[in-house]
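# Architecture and fold: a report
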Amino acid sequence: MTAITAEAMAERIGSEWLSDWVLLDQARITAFADATDDHQFIHVDPVAAAATPFGGTIAHGFLLLSLLPRLAASSGMSAVSGARMEINYGGNRVRFVRPVRSGSRIRGRFTLMALDQKRPGQWQQTITYAVEVDGSDQPALIAEWISQIFT
């Protein structure tokens, strides 16, 4: 990840980055179910899930959200130089558009929408985020994510 000044980053508003593809296999889905205690059958029981309109197990929507940092890290998106830390501030317009079947490959598409200085040494970054599914023309998730960056 290349580090650039906050001012240079602000000049990249509207720029887009794509992450590497990531496999969402059943082991990852089950591990997420264990971590969150969300063992709904559509996520962890292939036999019962096969009888649903999904035709098999699907990833948790919150698993897709939780992969945002992993996907962003492989996107080549620049970071603000001198950042001491970056924290999640919140999300807008989060929508789970379509399910992601176990065994699918996903990637993130990131677009920088805003980078505003809130006070000296504190920046607020807004990025639109879409989770794309290999072989589909419709994203699985769309969201607008807000981070606070402290330099």
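Structure report, in brief. Note that the structure is a prediction, hence the values are computed from the model and not measured. (Residues numbered from 1 in each chain as written. Predicted model: local features only at pLDDT ≥ 70, side-chain atom pairs only at ≥ 80, totals over all residues. Heavy atoms only, no water.)

### A look at the nonpolar core
Selection rule: What we call a nonpolar core is a set of buried Ala, Val, Leu, Ile, Met, Phe, Trp, Tyr and Cys residues that are connected through their side-chain atoms within 4.5 Å. Relative accessibility thresholds used throughout: buried, under 20% of the residue-type maximum; exposed, over 50%; partly exposed, between the two (1.4 Å probe, protein chains only). Secondary structure elements follow DSSP: runs of H or I no shorter than four residues count as helices, runs of E no shorter than two count as strands, and numbering proceeds from the N terminus. By definition, residues are in contact when any of their heavy atoms lie within 4.5 Å.
Of all hydrophobic cores here, the largest spans 33 residues; its most connected members are Leu24, Leu64, Val100, Ile106, Phe110 and Tyr129. The leading source of residues in this core is strand S7 (residues 122–133), at 5 residues. Those residues in contact with Leu64 that sit more than four places away from it in its chain are Leu24, Val100, Ile106, Tyr129, Val131, Ala140 and Leu141.

### Quick notes on unusual backbone geometry
The residue Asp37 is not glycine, and still its phi comes out positive at about 60 degrees. In this structure, Asp37 sits in the loop between helix H2 (26–36) and helix H3 (41–44). Judged by its relative accessible area of 65%, Asp37 falls in the exposed class. Here Arg93, not a glycine, exhibits a phi torsion of approximately 55 degrees, which is positive.

### Let's talk about the pairing of strand S8 (residues 141–150)
We apply this condition: Following DSSP output, two strands are said to pair if at least two bridges run between them.
Within S8, 9 of the 10 residues are buried, which leaves the element mostly enclosed by the surrounding structure. Where S7 lies against S8, 10 bridges are found, and the strand directions are antiparallel. Across the sheet, residue Tyr129 finds its bridge partner in S8, namely Ala143.

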